[in-house]
Amino acid sequence: MAAGGRVRFNVGGQVFETTTTTLANAGRDSMLGALLDSSWNVSSSSPSGGGVAEYFIDRNPACFAVLLDLLRTGSLHVPPHLPEKLLYREALYYGLLDHVRAARWGAFDGDRIRLAESVPGRAPGDGTAIRAAPDGGCCVAHGGAVRVYNWMLDERRPVSLDHSQVNDAAYLDAATLLIAARERLGKRDGGMAAFSAVSGDLRHRFRVAHDRQVKSFTAGAMAFDQESRIFASCKGRLNEYGIGVWDRVTGEQADFFYEHPGCALGDADKLQWLDATNALMVATLFPKADNCFIGLLDFRAKNVVWSWSDAGVAASLDDKRVLHAIAMEDERSVCVINQYDDLGFLDLRSGAGGVRWSSRSKLMNRKVPGEESCYPKLATHGGQLFSSMNDSISVFSGPEYVLTSTLRRSHGGAICDFSIGGDRLFALHNEENVFDVWETPPPPII
Amino acid sequence: MMNGGGGQKKRGTRIEPFRHRVETDPKFFDKSWRKLHDAIREIYNHNASGLSFEELYRTAYNMVLNKFAPQLYEKLTENMKEHLEDMRTCIDAAQGGLFLEELQRKWNDHNKALTMIRDILMYMDRTYIPTNKKTPVFDHGLELWRDTIVRSPTIQSRLSDMLLELIHSERTGEVINRGLMRTTTKMLMDLGLSVYQDDFERPFLEVSASFYSGESQQFIECCACGEYLKQAERRLSEESERVSQYLDVKTHEKITTVVVNEMLANHMQRLILMENSGLVNMLVEDRYEDLTRMYTLFNHVPDGLTTIRSVMASHIKDTGKSLVTDPERLKDPVDFVQRLLNMKDKYDNIINVSFSNDKSFLNALNSSFEHFINLNNRSPEFISLFVDDKLRKGVKEANEEDLETVLDKVMMLFRYLQEKDLFEKYYKQHLAKRLISGRAASDDSERSMLVKLKTECGYQFTSKLEGMFTDLKTSEDTTQGFYASTSSELLADAPTISVQILTTGSWPTQTCNTCNLPPEIVSVSEKFRAYYLGTHNGRRLTWQTNMGHADIKATFGNGSKHELNVSTYQMCVLMLFNSSDVLTYREIAQSTAIPAADLKRCLQSLALVKGKQVLRKEPMSRDIADDDSFFVNDKFTSKLFKVKIGTVAAQKETDPEKLETRQRVEEDRKPQIEAAIVRIMKSRRVLDHNSIMMEVTKQLQPRFMPNPVVIKKRIESLIEREFLERDKTDRKMYRYLA
């Protein structure tokens, strides 16, 4: 545009000079991109004397300095005196909020994550579940409502499905939140619905029909596949237990996998779609069911292609009981955890064999008597395995899943749920109703 | 004063507590909107240079920040509509051809303005739009353009008519502004696929259908098939080019379907069967290009290739049938087979070149050949004769490779034969003659033919033929052994003989009429018999005088000397003339005892073949009567010292011979049929009549088609011989015994 591609800004009285190349990093879809676009600079394209073009912008110069630095270097440095919210607001003005978010924290690595923030909740009672959004936000299910936070950890309007007890929540994408809720006796409510994660508006209510009759139901765990399907465990009033399937685009029911005797599906705690295997993993666990059942469902042939159960194995309460399960990313095994914090593995390729426990309990039995404990949870990300136990989260890495890090915070009590997504880890504590946000700092300068 | 009634006194000034909200300027929205409104007007008027983007952006930002986004959105819609209404008036006013240009100009203006408006309202696009599920500003502008301009009653039909008219004139050969067409259709596509499809594509396809339906009607009345197809091909490529030039890619398949339907599918039968130029003519005249075109074009038509294939097949059957049933062709077996081979080559070529070697076409070709070759029951014989001819001539006419390919092709014909056993019979006879008369030109070719037959017919058949080859080899050794063991004095002056010992069974049996050999030969052959029986115990030797040949030295009256290569019969006849000058037919017949038919043939070849008249016949007629007399032709001359007197040998069979061969073949089939029946019954134990018939036919089909009557007779015979029995309750069931 101007000579040497130099551009001068006067922001709120402070003059900044930069180059068009630096500004090009903002993209055409930003305020700065439009400002410099040729359609807005028809006559002033060459100011007299080959001088530098100057643009006045009536905004905060301190924030502009930070954002200009971000465009120059790609990394974000916020001076201590500058409130983050102020920076975010200015970034939104310039259309650079996505740039800020991308530079705000680094790519997820379980061994490098640091506690970034603790967000106290205001809802009464215990939280049920916490879910990370793909863009770095999260939501917390509390009783009859779901509290939604954007990635700046600003709380949005809570979402609820007739204030029925929420069993599970899941992000279909950054803007769509699914909620599974319990049906209350005598009221035809509960079920499953999609909400806008931004505005909190109800978008769609998923229906289940048995014999062409729409019936109310209680939805439990949820999962999606890569293309177009949404799965949820469903309990109907008349023993209509099973896995419901809906089309993601139309929202219409596409299928229903009815529960066979011996494989509990309607009460499932965990659903997970296995893309390479083209099957859905269903895990129904203690204490929801007396016996733990884990199975893989093939929806094309409508059969259970693999299953495992501890029926008849666990006799007393002191026996090792599977309390949570997750299919590993290579889809070759299912990882399970018991009340003693032992990890176990089930081979998905062979039919039998049972759980191969790696006994860590002798080393790590650090249970504090009297403290309220929570059931352990498992998660995987980028080849790492995460398990929560009491007030800490253990990180296991490598092909043998060696314990490499322990994430712990001094207060907040036991962790009742955690979730990884948008390059962040969110951990929900049982006491004090607080959740922690863990993120990876940007890589070191050298 | 100050004290009196101070409580009732109103205060002069009052400072209100700061508790109500800070009121924003009540005219804030109107003022802000006015600013944007004016700016948008300037933008549409191409007068944006005076505008400050920063100011406008900030204004819009503040409006959204103050929760005026819904009103802003509404006002914007209203305002853009107004501008578009103005544009519509301009476009409406454009005359004739300028219409599209004006539309294009306005479209560009609108697009440009829309980009700038979007820039101003970017903040709203980021915040208000996604949370309230509104259409983003830019897309909203496109929707407004669609509803206000493209789908306005005055423009919608005019636009589509104009586009279709231009396409029509391009189809009739005029040059149109393709750039304008492209930008216009691009506009429709930018407005969404449904706009392009509803407002342009559908009417375009309808108009195209009626255009091509009319054109094809016109062409088919006056064009030959080849020309018509050329036209269709040209039209198809024109439409492809049109799509690539200025239509959406997805239209390609649809317009192709329209052209194919109208120009080809609707006239398929008429085109393919067109008289004097249809498929049959193309095949007859080997018009590869036209055939290729027909194949590729009708490949698009459902059932197109099936139709071509069946027409081709029936044509091949017809021509083939007229070829094999033409009595003229029966006269020359070699020519007959050569014609078949030529025909096969012709169609192989056509399928290879024009029909992209389509498997289904090859199958049709094969089944057609199979059909008509078997219409003539002499085909097996003729094919064998053709091979005989080729193997006699050997590499004299062609090099080894060519001979191989010819033989391979013949094997193709052989595969079509239903009566393979008949061919085998003839082949054996002809091979025998070739071997005995030493006419097999190349041992290698003979052997390679043998290998081919082995793969086709199996070891059973060729083992006998291989036996024939070994017989000849051992005969050579035996003759050598005979001469080595017999003292030369004993054989002095006696003619040299070479004996071929043929194992009975390996060779085609022939009724043997031993003739009277000349005494010189008799003495030496008796010595050989003694030698042979002396070395091989328990064998029987009979002389097959009808098969041998001899070289004799002759000195004629004029003093010329020649060596004559003749058959054994001819030798016997000629030797008689050593002792007498004139002999009548009757006398010759008496002293040689050669069967009449053979003798007559033999005399004809000695006396009547031009240039080789060793004997003179009185009277000089073709037929030979009992009293005709024969002399040595003293005036015999020949440029060559060695003269080969032709034998009327391996010719196609005469009628009685034919009948005989057929009977023999039928005889040979009986045990084969019986064996098949027994094989089947042995595994099935019990079977009904129809199933047996079916199974037997299935088993024997690769060799020949068994006659149901014969099968039935064989079953009867097997029942008589107690291999089978009829079920006592169900007469239709047979039961295997033993």
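Conventions and cut-offs
Each chain carries its own residue numbering, running from 1 in the direction its sequence is written. For this description, chains carry letters from A and ligands carry numbers from 1, given in the order in which they are written. Given that the model is predicted, a residue must reach a pLDDT of at least 70 before its local features are reported, and side-chain atom pairs must reach 80 or more before they are shown or counted; all residues, however, enter totals for whole chains, interfaces and linings. As a rule here, side-chain values come from all non-hydrogen atoms in the structure, and water together with hydrogens is ignored. UniProt positions are given in the numbering used here, feature names are shortened, and annotations may be inferred rather than shown by experiment. Each helix corresponds to a stretch of at least 4 residues labelled H or I by DSSP, and each strand to a stretch of at least 2 residues labelled E; elements are numbered beginning at the N terminus. The classification of residues rests on relative accessible area computed with a 1.4 Å probe and restricted to protein chains. Under 20% of the type maximum is buried, over 50% is exposed, and intermediate values are partly exposed. Residue contacts follow a heavy-atom distance rule, with two residues in contact if any of their heavy atoms lie within 4.5 Å. Reported buried area values correspond to the accessible surface (1.4 Å probe) lost by two parts on association, with both partners' losses combined. Counted as salt bridges are all cases of a side-chain nitrogen of Lys or Arg within 4 Å of a carboxyl oxygen of Asp or Glu. Residues adjacent in sequence count toward polar contacts only when both atoms are side-chain atoms; beyond that, a polar contact is any pair of N or O atoms within 3.5 Å, and within protein one must be able to donate a hydrogen and the other to accept it. Each axis is a line fitted through C-alpha atoms, and for a helix only the stretch in contact is used; angles between axes span 0 to 180 degrees, taken between their N-to-C directions. Roughly parallel means an angle under 35 degrees; roughly antiparallel, over 145; roughly perpendicular, 65 to 115; everything else is oblique. Helix crossings are classified by the rotation of the near helix relative to the far one: an anticlockwise turn of less than a right angle makes the crossing left-handed, while a clockwise turn makes it right-handed. For two strands to count as paired, DSSP must find a minimum of two bridges between them. Picture the helix axis, draw a direction to every C-beta atom, and the arc is the one those directions span. The rule is short: rings of Phe, Tyr and Trp, with Trp giving its six-membered ring, pair when the centres are within 6.5 Å, and they are stacked under 30 degrees, edge-to-face over 60, tilted in between. Geometrically, a charge over a ring is one whose NZ (Lys) or CZ (Arg) sits within 6 Å of the ring centre while staying within 35 degrees of the ring normal. By definition, pLDDT measures how confident the predictor is in each residue, and it falls between 0 and 100. Patch definition: residues with relative accessible area over 30% and no salt bridge; like charges joined within 9 Å; nonpolar side chains (Val, Leu, Ile, Met, Phe, Trp, Tyr) joined within 5 Å. All accessible areas in this document rest on Shrake-Rupley with a 1.4 Å probe, and a residue is counted as covered only by the protein chains that are shown. Asp and Glu count as negative and Lys and Arg as positive, but His and the ends of the chain are not part of the count. The atom standing in for a charge is NZ when the residue is Lys, CZ when it is Arg, CG when it is Asp and CD when it is Glu. Only buried Ala, Val, Leu, Ile, Met, Phe, Trp, Tyr and Cys residues count toward a nonpolar core, and they belong to the same one when joined by side-chain atoms within 4.5 Å.

Under the annotation held in an unreviewed UniProt entry, chain B carries the name Cullin family profile domain-containing protein and is attributed to Miscanthus lutarioriparius. We quote the UniProt Sequence similarities (unreviewed entry) comment for chain B here in full: "Belongs to the cullin family."

The name given to chain A in an unreviewed UniProt entry is BTB domain-containing protein, and the organism recorded there is Miscanthus lutarioriparius. As its UniProt record puts it under Pathway (unreviewed entry), chain A is described as follows: "Protein modification; protein ubiquitination."

Visitor: Explain the overall build of chain B to me, using residue names and the numbers behind them.
Guide: The secondary structure content of chain B amounts to 29 helices and nine strands. In chain B, buried positions account for 45% of the 738 residues. Once local pairs closer than 6 in sequence are excluded, the contacts in chain B between residues at least 24 apart make up 70%.

Visitor: Tell me what's going on with unusual backbone geometry, and back it up with residues and numbers.
Guide: The phi torsion at A:Asp423 lies on the positive side, around 60 degrees, for a residue other than glycine. Relative accessible area serves as the criterion here: at 32%, A:Asp423 is assigned to the partly exposed category.

Visitor: Give me the interface of chain B and chain A: which residues, what numbers.
Guide: Taken together, the contact between chain B and chain A spans 20 residues of the former and 22 residues of the latter. Taken together, the two surfaces of chain B and chain A that pack against each other cover about 2000 Å², and 62% of this comes from carbon and sulfur. Among the residues chain B hides against chain A, the three largest losses belong to B:Phe53, B:Glu54 and B:Arg126. Together they make up 28% of the total. Scanning the region where chain B abuts chain A turns up two salt bridges. One salt bridge connects A:Arg28 with B:Asp119, and the closest N-O pair in it is separated by 2.7 Å. Put simply, chain B and chain A have six residue pairs in polar contact (both at pLDDT 80 or more) between them.

Visitor: So what's going on with the packing of helix α3 (residues 69–93) of chain B against helix α5 (residues 122–132) of chain B? Which residues, and what values?
Guide: All names here are of chain B. Between α3 and α5, the least distance of the axes is 11 Å, while the angle of their chain directions is 115 degrees. Taken as axis vectors, α3 and α5 run roughly perpendicular relative to one another. The crossing of α3 and α5 is left-handed. Residues Ala69, Pro70, Leu72 and Tyr73 of α3 touch α5, and the partners they reach there are Met124, Tyr128 and Ile129.

Visitor: Go over the sheet that holds strand β31 (residues 424–429) of chain A, please, and point to the residues and values.
Guide: All names here are of chain A. Here we have four strands laid out as an open sheet, ordered β4-β32-β31-β30, and antiparallel in their pairing. Here the strands that pair on one side only, and so sit at the sheet edges, are β4 (114–120) and β30 (415–421). Neighbour to neighbour, the strand axes of the sheet diverge by 20 degrees on average, direction disregarded.

Visitor: Hey, could you go over helix α25 (residues 585–592) of chain B for me, with residue numbers and the actual values?
Guide: All names here are of chain B. Among the residues making up α25, those that are buried are Tyr585, Ile588 and Thr592. Projected down its long axis, α25 shows its buried positions confined to an angular sector of 65 degrees, all on one face. Next to the buried residues of α25 lie α24 (568–576), β3 (582–584), α26 (596–607) and β5 (629–632). Immediately downstream of α25, the backbone of Ala593 shows phi near 60 degrees, a positive value.

Visitor: Which residues make up the packing of aromatic side chains, and what values do they have?
Guide: Here the structure, examined in full by the defined rule, presents 44 aromatic pairs over all chains. Residues B:Phe482 and B:Tyr531 carry aromatic rings whose centres are separated by 5.7 Å and whose planes lie at 55 degrees to one another, so their mutual orientation is tilted. With B:Phe482 in helix α22 (residues 459–485) and B:Tyr531 in helix α23 (residues 519–535), the pair connects residues that are 49 residues apart, well separated along the chain. Put simply, the rings of A:Phe9, A:Phe16, A:Trp40, A:Tyr55, A:Phe64, A:Tyr93, A:Tyr94, B:Phe53, B:Tyr57, B:Tyr61 and B:Tyr123 touch in pairs and so form one group of aromatic residues. Across the ring face of B:Phe361, the terminal group of B:Arg309 is positioned such that the distance to the ring centre comes to 5.8 Å. The ring centre of B:Phe469 lies 4.6 Å from the NZ or CZ of B:Arg447, which sits over that ring.

Visitor: Mind laying out the pattern of salt bridges, listing which residues take part and the relevant values?
Guide: All names here are of chain B. Tallying each qualifying case throughout the model produces 86 salt bridges over all chains. Residue Glu285 is joined to Arg287 by a salt bridge in which the shortest nitrogen-to-oxygen separation is 2.8 Å. In this structure Arg287 comes out as partly exposed when scored by relative accessible area, which is 24%. Between Glu667 and Lys670 there is a salt bridge whose closest N-O contact spans 3.1 Å. Placement of the pair is Glu667 and Lys670 together in helix α27 (residues 655–684), with a separation of three residues, close to one helical turn.

Visitor: I'd like a rundown of the side chain of A:Asn338, residues and numbers included.
Guide: Within the fold, A:Asn338 resides in the loop between β23 (333–337) and β24 (343–347). Those residues in contact with A:Asn338 that sit more than four places away from it in its chain are A:Lys320, A:Arg321, A:Leu323, A:Trp357 and A:Pro376.

Visitor: Residues and numbers for the confidence of the model for chain B, please.
Guide: For any part of a model where pLDDT is low, the fine detail of the predicted coordinates should not be relied upon. Residues and elements named next belong to chain B. Of all residues in chain B, 94% have pLDDT values of 70 or greater, and the mean over the chain is 84. Here residues 1–7 scores under 50 on pLDDT; set against residues more than four positions off or in separate chains, the count is zero contacts. On the interface metric, ipTM, the complex scores 0.80, and its pTM is 0.68.

Visitor: Report on the sheet that holds strand β16 (residues 241–247) of chain A, specifying residues and quantitative values.
Guide: Residue and element names in this part refer to chain A. Taken together, the four strands give an open sheet; going across it, the order is β14-β15-β16-β17, and neighbouring strands pair in antiparallel fashion. Across the chains shown, the open sheet's two edge strands, defined by having one partner strand only, are β14 (217–224) and β17 (253–258). Taken over all neighbouring pairs, the strand axes of this sheet differ in orientation by 25 degrees on average, direction set aside. Two strands pair when backbone bridges link them, and β14 and strand β15 (residues 229–236) are joined in this way by six bridges, in the antiparallel orientation. Looking at the pairing, Ala223 lines up with Phe231 of β15.

Visitor: Quick rundown of a negative patch on the surface? Include the residues and the values.
Guide: Residue and element names in this part refer to chain B. A cluster of like negative charges, contributed by Glu74, Glu78, Glu82 and Asp86, occupies part of the molecular surface. If you trace the backbone, Glu74 turns up in helix α3. Look at Glu74 and you get exposed, because its relative accessible area is 56%.

Visitor: A description of the nonpolar core should follow, citing residues and the corresponding values.
Guide: Ranked by size, the top nonpolar core spans 186 residues in total, and within it A:Phe9, A:Leu32 and B:Trp145 carry the most contacts. The contacts of A:Leu32, once residues within four sequence positions are left out, are A:Phe9, A:Leu23, A:Ala26, A:Ile57, A:Phe64, A:Leu71, A:Tyr94 and A:Leu96. Membership of the second largest hydrophobic core comes to 33 residues, among which are B:Ile552, B:Leu564, B:Leu606 and B:Leu608.

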